[in-house]
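Architecture at a glance
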Amino acid sequence: MPSSPAAGRAPLGLRLTTLGAILFLHVPMLVVLLYAFTTDEATFSFPPPGLTLDWFQVALNRADVWDALGLSLRVALVSTLVALGLGTLAAAAVYRSRFFGREAISFMLVLPIALPGIVSGIALRSAIGITNLPFSFWTIVVGHATFCMVVVYNNVLARFRRTSGSLIEASMDLGANAFQTFRHVVLPAIATALLAGGMLAFALSFDELVVTTFTAGQQQTLPIWMFSQLTKPRQRPVTNVVAVFVVALTAIPILLANRLTERTVE
Amino acid sequence: MHRLATFLYLRPWLVLALLLGPPLIWMVVVYLGSLAALVVQSFFSVDSSGQVVRSLTLATYGDLFTQANLDIFVRTAVMAAAVTLATALLAFPWAYYMARFASPRAKAALYLAVLLPLWSSYLVRVYAWRLILAKEGIVNWFVQQAHLDQALDWVLGLPVVGGPSLSVSFLGMFIVFTYVWLPYMILPIQAALERVPRSLLEASGDLGARPAATLRHVTLPLAFPGVVAGSIFTFSLTLGDFVVPYSLGNSSFFIGQAVLSFTGTAFNIPLAAAFTVVPMLIMGLYLTGARQMGAFDAL
């Protein structure tokens with residue numbers, strides 16, 4: 001249903017329910033923003049008794065927050081790189097050849113995000129238990145890369161399908177070998193898809209809690225830190241500030257990824 | 001380099017193996033291997049000292065079917081179904097407006113308004129409701145300003161859905177689940193609606209159907225696979241979540257909470273594994289059904 005002026009104005013009821021849904025989805029984030037400035041230290045009282053910028057200073061000086069942030073960033077970076085490599089390979093394989101079980105590849109890649117998070121989490125935890133592996137940075141990364149792969153795969157495969165295969169044939173006809181064709185034809189064509197997929201994978205990893213809970217052991221990523229604050233709040237205003245920071249930080253890669261895929265569509 | 005390229009060009013199967021090998025090996029070893037480990041763990045058991053006994057037994061599955069655990073499964077599945085229904089009702093107008101009426105600019109903005117919460121800040125979004133539903137928080141403030149205290153007390157006094165306060169009740173949990181999973185429902189419905197050919201709607205109108213009849217008999221049936229596709233996410237995500245129940249629930253556990261508690265204080269990995277086999281089976285059935293309804297084309 002392509003939208004066009006012919007569709008006319010939406011009925012009032014439809015406009016109001018849509019507006020209601022938009023408010024429902026976005027007002028809570030404004031609340032979080034407001035609470036980052038409250039002077040109320042012990043409760044979540046509304047309206048806030050007063051506003052202050054002090055908590056940003058306090059949060060900046062908290063070593064546990066910085067440690068958690070650092071671990072999350074490192075995990076997200078490495079997982080994204082692994083997912084980029086493996087996801088692109090899988091997309092290229094599925095795009096260029098027909099083989100037995102091709103459909104199963106997509107299904108298997110989507111499984112880690114289609115199955116409930118605790119299933120993937122407990123599965124990895126069981127594997128760690130059976131193989132007696134110690135919890136480490138790498139146990140977290142392996143879990144994250146596994147569910148990030150599908151994001152890269154989907155983005156790159158969609159781009160491959162939109163890029164015409166005749167470009168590749170033309171390059172080969174003109175005497176370029178497979179590596180030259182990849183370097184000068186394929187890579188530029190999929191570059192923004194890679195970037196967009198990478199951004200989304202990064203955001204996904206940076207935000208993940210359920211699987212991480214089972215693969216992290218005693219280590220604290222930022223989501224694990226947030227979750228511990230949800231269940232056992234220590235200093236509520238610091239949590240509020242970190243919440244605002246997390247929202248801002250994850251919005252950036254998503255907005256960029258959206259920009260990248262939008263511009264190249266037609 | 002050139003010779004290598006020619007060598008590979010003549011052996012397409014080798015190229016395929018090189019491309020497909022690494023991701024395939026990763027997924028099979030890491031993920032399918034882990035799922036296999038999960039199934040194996042679920043046949044292990046724990047002795048009285050809390051050590052995992054590595055011999056196959058059905059005893060852990062026996063522990064699974066106690067009344068308390070069956071309650072957990074039913075409670076979680078009912079919540080997942082209720083949340084799925086609520087998100088579908090809220091998502092449809094949004095998706096319909098986006099697909100049918102929005103100008104290209106408005107559409108792009110609405111798309112972004114779904115995308116941002118879908119990809120990010122899941123914990124912050126749950127946390128926001130801790131602030132909103134808190135006893136001294138916004139909702140109660142509004143309720144007091146509007147002198148609706150008694151209405152709220154009445155709702156909280158209801159059996160099952162109620163609780164001591166909004167921030168500790170099934171009702172609160174239901175609101176938060178609906179809130180966090182709503183974006184996952186909007187996108188598939190919108191995608192399904194975008195694919196409804198305009199000519200069908202015109203034909204329906206030409207044949208004398210009023211807009212409401214066209215919506216009921218043409219648009220809704222064609223959008224249904226999108227709803228089913230979205231429900232895969234809302235259902236699966238609710239089944240597997242422990243953050244919302246931990247933040248807003250009471251001692252009546254949900255599946256995710258129970259599993260987490262078995263890996264923590266009540267250390268019993270085999271029972272945790274057996275527990276997750278249940279949502280796996282539920283999702284397996286669900287996916288099979290969804291596939292038959294053509295939902296996979298709408299993903």
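Our subject is the structure listed above.
Let me sum up the structure you'll find in this document. (Residues numbered from 1 in each chain as written. Chains lettered and ligands numbered in written order. Predicted model: local features only at pLDDT ≥ 70, side-chain atom pairs only at ≥ 80, totals over all residues. Heavy atoms only, no water.)

Quick look at the overall build of chain B now. Along the backbone of chain B there are 14 helices and two strands. Its C-alpha radius of gyration of 24 Å places chain B more than 25% over the 19 Å reference for a compact globule of 299 residues. By its C-alpha atoms, chain B is 65 × 65 × 35 Å across when sized along the principal axes. Taken over 299 residues, chain B has a buried fraction of 52%. A separation of at least 24 residues holds for 68% of the contacts in chain B among residues at least 6 apart in sequence. Surface exposure of chain B reaches about 13700 Å², of which carbon and sulfur atoms provide 69%. Of the side-chain charges in chain B, 15 are positive and 11 negative, and the distance between the mean point of each set is 14 Å. (Helix = DSSP H or I, 4+ residues; strand = E, 2+ residues; numbered from the N terminus. Rg over C-alpha atoms; globule rule 2.2 N^0.38 Å. Buried < 20%, exposed > 50% of the residue type's maximum accessible area, 1.4 Å probe, protein only. Contact = heavy atoms within 4.5 Å. Areas by Shrake-Rupley, 256 points an atom, 1.4 Å probe, with all protein chains shown as cover. Lys, Arg positive; Asp, Glu negative; His and termini not counted. Charge placed at Lys NZ, Arg CZ, Asp CG, Glu CD.)

Below, the discussion takes up the packing of helix α5 (residues 117–131) of chain A against helix α14 (residues 269–292) of chain B. Where α5(A) contacts α14(B), the axes come no closer than 9 Å and their chain directions differ by 145 degrees. Where α5(A) crosses over α14(B), the two elements pack in a sense that is left-handed. Where α5(A) abuts α14(B), its residues Ile118(A), Val119(A), Ile122(A), Arg125(A) and Ser126(A) lie against Ile269(B), Ala272(B), Ala273(B), Thr276(B), Pro279(B) and Met280(B). Each residue belonging to the contact of α5(A) with α14(B) can be placed in one class, and the counts come to eight nonpolar, two polar and one charged. (Axes fitted to C-alpha atoms, helices over the stretch in contact; angles between N-to-C directions. Left-handed = near helix turned anticlockwise from the far one by under 90°. Nonpolar A, V, L, I, M, F, W, Y, C, P; charged D, E, K, R; others polar.)

What follows covers unusual backbone geometry. Even without being a glycine, Asn132(A) presents a positive backbone phi close to 60 degrees. Looking at Asn132(A), the relative accessible area reads 59%, which means it is exposed. Unlike most non-glycine residues, His147(B) shows phi in positive territory, near 55 degrees. Summarising the element assignment, His147(B) is placed in the loop between α7 (138–145) and α8 (149–157). His147(B) sits in the exposed class, given a relative accessible area of 67%.

The next thing to look at is the pattern of salt bridges. Side chains that differ in charge, positive against negative, can pair when their charged atoms come close. For the structure on display, the rule yields two salt bridges over all chains. Here Arg62(A) and Asp64(A) are joined by a salt bridge, their closest N and O atoms 2.9 Å apart. According to the relative accessible area criterion, Arg62(A) is buried, its value standing at 11%. Linking Glu194(B) and Lys107(B) is a salt bridge whose minimum nitrogen-to-oxygen distance equals 2.9 Å. Here Glu194(B), found in helix α9 (residues 170–194), pairs with Lys107(B), found in helix α5 (residues 104–119); they are 87 residues apart in sequence, far enough to count as distant. Taking relative accessible area as the criterion, Lys107(B) reaches 18% and is therefore assigned buried. (Salt bridge = Lys/Arg side-chain N within 4 Å of Asp/Glu carboxyl O.)

All right, on to the packing of aromatic side chains then. Residue and element names in this part refer to chain B. Counted under the stated rule, the structure contains 22 aromatic pairs over all chains. When the ring of Tyr122 is compared with that of Trp181, the centres are 5.6 Å apart and the planes differ by 10 degrees; the resulting orientation is stacked. One end of the pair, Tyr122, is in helix α6 (residues 122–133); the other, Trp181, is in helix α9, and 59 residues separate them in sequence. We classify Tyr122 as buried; its relative accessible area is 12%. Ring centres of Trp181 and Tyr184 lie 5.9 Å apart, and the angle between their planes is 75 degrees; this geometry places the pair in the edge-to-face category. (Phe/Tyr/Trp six-rings, centres within 6.5 Å; stacked < 30°, edge-to-face > 60°.)

Residues and elements named next belong to chain A. Taken together, the side chains of Leu12, Leu16, Leu19, Leu23, Val27, Leu30 and Leu33 present a nonpolar region at the surface, about 650 Å² in accessible area. Examined against the element boundaries, Val27 turns out to sit in helix α1 (residues 12–35). Residue Val27 is classed as partly exposed on the basis of its relative accessible area of 37%. (Patch = residues over 30% accessible without salt bridge, like charges linked within 9 Å, V, L, I, M, F, W, Y side chains within 5 Å.)

A few words on the interface of chain A and chain B. Between chain A and chain B, the contact holds 96 residues from the first and 96 residues from the second. Here chain A meets chain B over a buried area of about 8500 Å², counting both sides, of which 79% is carbon and sulfur. The tally of links from chain A across to chain B stands at zero salt bridges. The interface formed by chain A and chain B holds eight residue pairs in polar contact (both at pLDDT 80 or more) in total. Ranked by residue count, the leading element in the side of chain A that touches chain B is α1(A), at 14 residues. (Buried area = accessible area lost by both parts, 1.4 Å probe. Polar contact = N/O pair within 3.5 Å; in protein donor to acceptor, adjacent residues only side chain to side chain.)

In short, geometric facts, not functional conclusions.
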